[in-house]
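Examination of the molecular architecture
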Amino acid sequence: SAKMAIPALIFLLMNLLSFVSLRRISASAFSLIQQSKIIFTAALSWWLLDKLLSRSRWRALATLLFAVLTICHQTHPQNQKCAATDAAAAGADDDEGEQSRRVADYLVGVAAVALEAALSGLSNVYFEKVLKSTDLTLWERNIQLAVFSLCIYLPYAMLEAPSPLAILHGWSLTTVVVAILGALGGILIGLVLSFSDSIVKNLALSFAITLTALVDHLLFDGPMNLPIVVSGATVITTILQYTDS
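Since the model is a prediction, treat every value here as computed from it, not as a measurement. (Residues numbered from 1 in each chain as written. Predicted model: local features only at pLDDT ≥ 70, side-chain atom pairs only at ≥ 80, totals over all residues. Heavy atoms only, no water.)

Let's shift gears to the packing of helix H3 (residues 37-48) against helix H6 (residues 96-133). Helix-helix packing is described using two parameters, namely the angle between the two axes and the distance between the axes. Where H3 contacts H6, the two axes come as close as 8 Å, and the packing angle between them is 40 degrees. On the basis of the axis angle, H3 is oblique to H6. Of the two elements, H3 crosses H6, and the hand of that crossing is right-handed. Where H3 abuts H6, its residues Lys37, Phe40, Thr41, Leu44, Ser45 and Leu48 lie against Ala114, Ala117, Ala118, Ser120, Gly121, Leu122, Asn124, Val125 and Lys129. Tallied by class, residues from the contact of H3 with H6 come to eight nonpolar, five polar and two charged. (Axes fitted to C-alpha atoms, helices over the stretch in contact; angles between N-to-C directions. Helix = DSSP H or I, 4+ residues; strand = E, 2+ residues; numbered from the N terminus. Parallel < 35°, antiparallel > 145°, perpendicular 65-115°, else oblique. Left-handed = near helix turned anticlockwise from the far one by under 90°. Contact = heavy atoms within 4.5 Å. Nonpolar A, V, L, I, M, F, W, Y, C, P; charged D, E, K, R; others polar.)

With respect to the element layout, Gly121 can be found in helix H6. Residues Gly121 and Ile39 lie 82 residues apart in sequence; the distance between their C-alpha atoms is 8.2 Å.

Residues apart from glycine generally show negative phi values, whereas peptide bonds are mostly found in trans. Of note in this structure, Asp50 is not a glycine but carries a positive phi near 60 degrees. For Asp50, the location among the structural elements is in the loop between H3 and helix H4 (55-74).

Per-residue pLDDT for the protein chain averages 80, and the proportion of residues at 70 or more is 87%. Averaged pLDDT values over the elements of the protein chain bottom out at 50 in helix H5 (residues 86-89) and peak at 91 in helix H1 (residues 5-22). This model gives residues 79-84 a pLDDT under 50, and the stretch forms 19 contacts once residues within four places in sequence are excluded. (pLDDT = per-residue confidence, 0-100.)

Here we take up the packing of H1 against helix H7 (residues 138-160). The N-to-C vectors of H1 and H7 enclose an angle of 50 degrees; their axes lie 8 Å apart at closest approach. Judged on the interaxial angle alone, H7 and H1 are oblique. For the pair H1 and H7, the sense of crossing is right-handed. The residues of H7 that touch H1, namely those facing Ala5, Pro7, Ala8, Leu9, Phe11, Leu12 and Asn15, are Leu145, Phe148, Ser149, Ile152 and Tyr153.

With 12 residues, the main nonpolar core is built from Ile38, Ala42, Leu53, Ala60, Leu61, Leu64, Ala67, Ile199, Leu203, Val235, Ile239 and Tyr242. Elements with a contribution of two residues or more to this core: H3, H4, helix H9 (198-205) and helix H11 (226-244). If you tally residues by element for this core, the top one is H4, at four residues. Every residue in contact with Leu203, bar those within four places of it in the chain, is listed here: Ile38, Ile239, Tyr242 and Thr243. Core analysis: the next-biggest nonpolar cluster, separate from the first, contains nine residues, Ala8, Tyr126, Phe127 and Val130 among them. (Core = buried A, V, L, I, M, F, W, Y, C linked by side-chain atoms within 4.5 Å. Buried < 20%, exposed > 50% of the residue type's maximum accessible area, 1.4 Å probe, protein only.)

Set out below in structure tokens:
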């Protein structure tokens, strides 16, 4: 069971990096930059699982990365203000100091989500290797992962709460829904890794890109221009190309 302590720690770091990033960049930029985890997953699968990919699949992954970088450039603070500084910048002069601070915030957000993408690839490949190299079932491994996660998160929640017993202090209905979705998503990810592999799992998740960008544009006035639309279409096309090849 000690093997499952590693992904539990990785998930903790990923959650913390998500908060750092989402305070500084838009949800669509976060989701799209996060797709670089496909590259990390493929490289780690080759390194840790000895999986060989054809040249056409590597080309598809490289095209996917360039599309993500294009969208990253289009959501730069010069085109779209960072979420964390939007309110503070309203009504203020767009001087060089403010612009530099927004750019610095943006770079921190991009670096945080890029590191999270690398950790996501590592956790997926590691979890797949553990599942397929032992006789324990997916449910047994998930229980071990849950126990280690509780050992990590429960003391932290008790320290942050007003009292050790009020660990759910400040929870709203939205928080509960997000927690439930995270739990269900974890189970589904385990099922995909059991019956397929970590690269296919990331390809499947990438189909959420279009919906995320659209919702971000409608609800949070996120950017939606021709380069973003074309790059989003390129992402979907490369995913189909990868699976066909």
